[in-house]
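Reading the structure
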Amino acid sequence: MNSEGFLAALAHAGDGPAQIQQMRKVIIALAISGKLTNFDRAIGSAQIEDVDRSGAFVPAAGRSPRRKKSVVTINQDHLPEGFDEPSRFIRLGSVATIEKGRTGIKGAPPGPYPMVVTAAERMTSDHYDFDGAAAIVPLVSSTGHGKASLHRLHYQEGRFALGTILAAIFPHDPQKLSARFLYEYLTTFKDELLVSRMIGTANVSLSIGKIAEVPVPLVDPSTQKQVDELMALCDQLEGTRAQREATRDRLAAASLARLSTPDPDTFPADARFALDALPALTARPDQIKQLRQAILNLAVRGKLVPQDPSSEPATSLLKKIASLRSKKLEGGYPNEVEARAQLKKLLTQRVPDQLDPLPAGWTWATLMQCSILVVDCKNKTAPYAKSGVRLIRTTNVRDGQMNNIDQRYVDQRTYEEWSARCTPEPGDVLITREAPMGEVCLIPPGERICLGQRMMLARLPADLMDPRFILYSLQDPRLMDRVQDKPIGATVQHLRVGGVETLLMPVPPLEEQRRIVAKLDELMALCDQLEASLTTGEAARSQLLEALLHGALAPTPAASCKHPRAAVSGYVVSRLASRRNFGRTAHMKHLYLAESRLGLKLGGRYMRQAAGPLDTDIYALEKQAEAAGWYTHSVETLPSGHEKVSYVPGKGIKALAEEGVAVLGHARIEMDRLIDLMGGLNTEQVEIIATLFAAWNDALLDGHTPDDDWIVKEVREHWHASKQRFAPAELHKWLGWMRQNDVVPLGHPPRTTQQTTMEF
């Protein structure tokens, strides 16, 4: 693999921190296995000749390495996971000098020399301890207290001072072992090579002797140089991504700030921009969380849906709730003792003056004023049972839902005793007072639960107050600003019971509550979709990188394929032939994407014709497949007059598909993803995607970066007259789909032909 191939692979894998770190691991794996260059070169032979009989490298002039009298034989158990050839490795202590830092952390005055205090912190010194290029390794765990982990390692050149909790590793012969390569190798496999060797309980540390035992791969200097170059590309990608994410963060923060502190004159436009730009503003889970919080904040301030002046005001609604509540409590609901306690507390409920203004028809109220009753849990840990009634503790309430995390149960007797104040019912709101405080959920329909410690329950009048609105309101990120009886606690803060009972609630008219809930459900579902797409994309990229790593470590197959285009065709047909919507058009488009998206060289010649991108060699390929027994095809005339081609796999399809696997290699994961993505689309949708892709890709090959309007115009006006049947709005929609599903061009050939002059 060369730098071009590496960048192509990384384009598929993504440029997130985890992906780039995994790509670094792939690079090292390729280097060790001899696959980094385009030829399989014997590695380590020159170096092995320089190893003397004691197992130590002949030192470079001017350095006297420490040596062990006995040599530790490297076996497979010593190697990083995935490597199984001990002969390609040698002990680090045999090829490098390992020196402990000499300058105390509180030591040297500032001066002209760099000083590494920790692997993540730099200072200056008036003296230097070492001169040369070295990998810097921490000797003390960054966590300690029995937990081993390390901050990032460091690379240093020139004269420098080194803190005493660090070690510098100097290769004996820098011409044969690059310090930068050594640093990248140790960084990539830090947990396996270094953290695993740390010892201790209260203070976890790494000794010089343990570092000396680390196995180092024997890689020829030219390959090490390639590693250095590719690592530099990774550095550039990390820097570019950091700049891009910083820009995105500023845009997201500015957009959400306009919603949190709205300008009445510009708010409608600001809100419309923020909601339309959801996919662009949210590329990380933390950004989606911020977006959810901004949406909830808009909802509880009446900014999400318009008000209806004809709606019954919330003040009238609260009067109805008060009347219903009084009737129930004075009648002894849910029991005489609790009814008296609730009536007594209601006498002290107050709403302070000078609260934030609310929209017309809204009013402020306490949670008790919005509810039939608000009760606390039994202030004691319930005895657990192996089965019975679910005990809902604070750990079982997260993100607006009830979960089964570390689920505990109580028996019937405990359930009745713990529910003496009020038996929890479906639709009740549960609120945590601690660990953490302020988590809320509704008891789902059909659930029978027991209220655990540090939990509170609010029962709402379902016909007069929408429970879902109360739930959303309690998830407002500014909820704690509405707590009158503030949280207490020195180490672990918790809400007082009175803090929950007197919690200030913005109350809109009932019909507006329902409209807000409907809108919130819609927007939260969109956030869920964005979150799911991030998770799915992350999983796909991880699979691709795992495949790349597996391929880097796997032996190079000796077999070659005489018919690469036919082999990929066979693989696609074997996967999709059984689907009714798969025919010649989709067949061609998958072959086109195998070349233009995956970068395979299959010799396709694609033209801008009606069904394009069209390669007329598809007809010869079908005849070849039939003659070889790979697959046959049949033609059916549809009622519309169009022809529908279907494929039937033959006896030779399995062997051909296996050749296709070999041809695809690392790209198989991405090919499978494309097949799964487009396998459920109809012929016309596949044609739209491939045509948009081709127009976009051609522009990249010409050195241009087109916008969406240009791509749509190119497809409709500069391709073929038949493409004008696709409306611009439809093409724009599919461009959005392509970006969301990462089906975007990378500028790989081939370029489509019979094209008019492009206009930029």
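Residues numbered from 1 in each chain as written. Predicted model: local features only at pLDDT ≥ 70, side-chain atom pairs only at ≥ 80, totals over all residues. Heavy atoms only, no water.

Turning next to the pairing of strand β22 (residues 631-637). When β22 meets strand β23 (residues 643-649), the two strands line up antiparallel, connected through seven bridges. Bridge pairing links E636 to K644 in β23. Taking the residues that link successive antiparallel strands as the turn, the β22-β23 hairpin has five residues, and the phi of G641 there is positive, at about 95°. (Pairing = 2+ DSSP bridges. Helix = DSSP H or I, 4+ residues; strand = E, 2+ residues; numbered from the N terminus.)

With five of its six residues buried, strand β18 (residues 437-442) lies for the most part within the structure. Bridging between strand β17 (residues 429-433) and β18 involves four bridges; their strand directions are antiparallel. Paired with L430 across the strands is C441, a residue of β18. Here β17 folds back onto β18 in antiparallel fashion, the turn holding three residues, of which A435 has a positive phi close to 60°. (Buried < 20%, exposed > 50% of the residue type's maximum accessible area, 1.4 Å probe, protein only.)

Read across the sheet, four strands follow the order β2-β9-β6-β7 without closing on themselves; strand pairing throughout is antiparallel. A strand with exactly one partner marks an edge of an open sheet, and here the two such strands are β2 (96-100) and β7 (154-156). Strand-to-strand twist of the sheet, defined as the mean angle between neighbouring strand axes without regard to direction, takes the value 30°. Here β2 pairs with strand β9 (residues 166-171) via five bridges, running antiparallel. Bridge assignment links A96 to a residue of β9, and that residue is P171. The sheet strands contacting helix α5 (residues 179-188) are β6 (134-138), β7 and β9, and the helix crosses β6 at an angle near 30°. (Axes fitted to C-alpha atoms, helices over the stretch in contact; angles between N-to-C directions. Contact = heavy atoms within 4.5 Å.)

Let's shift gears to the packing of helix α20 (residues 584-596) against helix α24 (residues 683-701). At a minimum axis separation of 10 Å, α20 and α24 run at an interaxial angle of 30°. Between α20 and α24, the interaxial angle falls into the category roughly parallel. Where α20 crosses over α24, the two elements pack in a sense that is left-handed. Contacts from T585, A586, K589, Y592, L593 and S596 in α20 reach T683, V686, E687, A690, F693, A694 and N697 in α24. (Parallel < 35°, antiparallel > 145°, perpendicular 65-115°, else oblique. Left-handed = near helix turned anticlockwise from the far one by under 90°.)

Across the sheet, three strands lie side by side as β16-β13-β19; this open sheet has mixed pairing. Edge positions in the sheet fall to β16 (408-410) and β19 (449-451), since each of these pairs with one other strand and no more. Within the sheet, the average angular offset between the axes of one strand and its neighbour, ignoring direction, is 45°. Both strand β13 (residues 389-392) and β16 contribute to a ladder of three bridges, which runs antiparallel. Bridge assignment links L391 to a residue of β16, and that residue is R408.

Right, let's talk about helix α12 (residues 314-330) for a bit. Spanning 17 residues, α12 covers 24 Å between terminal C-alpha atoms, matching the ideal 24 Å at 1.5 Å per step. Taken together, the buried positions of α12 are occupied by A314, L317, L318, I321, R325 and L329. Seen end-on, α12 carries its buried residues on one side only, within an arc spanning 95°. For α12, the exposed residues lying more than 90 degrees away from the buried face are K319, K327 and E330. Looking one or two places after α12, you find G332, whose phi comes out positive at around 90°. (Expected span 1.5 Å × (residues − 1). Arc of directions from axis to C-beta.)

This paragraph deals with the pattern of salt bridges. Tallied over the entire structure, the rule returns 42 salt bridges. Note that E417 is salt-bridged to K378, the shortest N-O span being 3.9 Å. Linking E417 in helix α15 (residues 412-418) with K378 in the loop between β12 (373-376) and β13, this pair joins segments that are 39 residues apart in sequence. Its relative accessible area of 29% is what places K378 among the partly exposed residues. For R605, the salt bridge is made with D617, and the minimal N-O distance between the two is 2.9 Å. With R605 in the loop between α20 and α21 (617-628) and D617 in helix α21, this residue pair connects regions lying twelve residues apart in the sequence. Judged by its relative accessible area of 29%, D617 is partly exposed. Within this structure, R24, R180, E184 and D235 form a network of salt bridges that share partners. (Salt bridge = Lys/Arg side-chain N within 4 Å of Asp/Glu carboxyl O.)

In total, this model carries twelve aromatic pairs according to the counting rule given. Centre to centre, the rings of F130 and F170 are 5.4 Å apart; their planes meet at 50°, and the pair counts as tilted. Taken together, the residues span a long stretch of sequence, with F130 in strand β5 (residues 130-131) and F170 in strand β9 at a distance of 40 residues. Comparing F130 with F170, the two get one shared label, buried. Put simply, the rings of F130, F160 and F170 pair up and form one aromatic cluster. Over the face of the ring belonging to Y155 we find R180, whose NZ or CZ atom lies 5.8 Å from the ring centre. (Phe/Tyr/Trp six-rings, centres within 6.5 Å; stacked < 30°, edge-to-face > 60°. Lys NZ or Arg CZ within 6 Å of the ring centre and 35° of its normal.)

A word on the nonpolar core. Ranked by internal contacts, the top residues of the largest apolar core, which has 58 residues, are V568, Y631, M671, I689, L692, W737 and M738. In terms of residue count, α24 provides more of this core than any other element does, nine residues in total. Residues within four places of M671 in sequence aside, it is in contact with Y571, V572, H590, A594, L598 and L664. Counting 50 residues, the second largest nonpolar core, distinct from the first, contains V429, V440, Y472 and L495. (Core = buried A, V, L, I, M, F, W, Y, C linked by side-chain atoms within 4.5 Å.)

Note: α-helices contain 3.6 residues per turn, so residues at a spacing of three or four share the same orientation. Here α20 spans 18 Å end to end across 13 residues, near enough to the 18 Å set by a 1.5 Å rise per residue. Most of α20 sits out of view: 13 of its 13 residues are buried.

For the rest of this paragraph, the subject is the environment of V204. Among the secondary structure elements, V204 is positioned in the loop between α6 (190-193) and α7 (208-212). What makes V204 buried here is its relative accessible area of 3%. Counting along the chain gives 62 residues from V204 to S142, while the straight-line C-alpha distance between them is 8.7 Å.

For the rest of this paragraph, the subject is the environment of L464. The residue L464 is located in the loop between β20 (455-459) and α16 (467-474) in this model. Setting aside anything within four residues of it in sequence, one finds L464 in contact with L317, K320, I321, L324 and L510.

Quick look at the side chain of N396 now. As for its placement among the helices and strands, N396 is situated in the loop between β13 and β14 (397-398). At 2.7 Å, the side chain of N396 forms a polar contact with the backbone oxygen of I405. Those residues in contact with N396 that lie beyond four places of it in its chain are L391, Q401, M402, N403, N404, I405 and Q407. (Polar contact = N/O pair within 3.5 Å; in protein donor to acceptor, adjacent residues only side chain to side chain.)

The next point concerns the confidence of the model for the protein. Counting all residues, the mean pLDDT for the protein is 82, and 80% of those residues have values of 70 or more. Long-range and interchain partners of residues 38-72, a stretch whose pLDDT sits below 50, account for 59 contacts in this model, where long-range means more than four residues apart. Here residues 552-560 scores under 50 on pLDDT; set against residues more than four positions off or in separate chains, the count is 13 contacts. (pLDDT = per-residue confidence, 0-100.)

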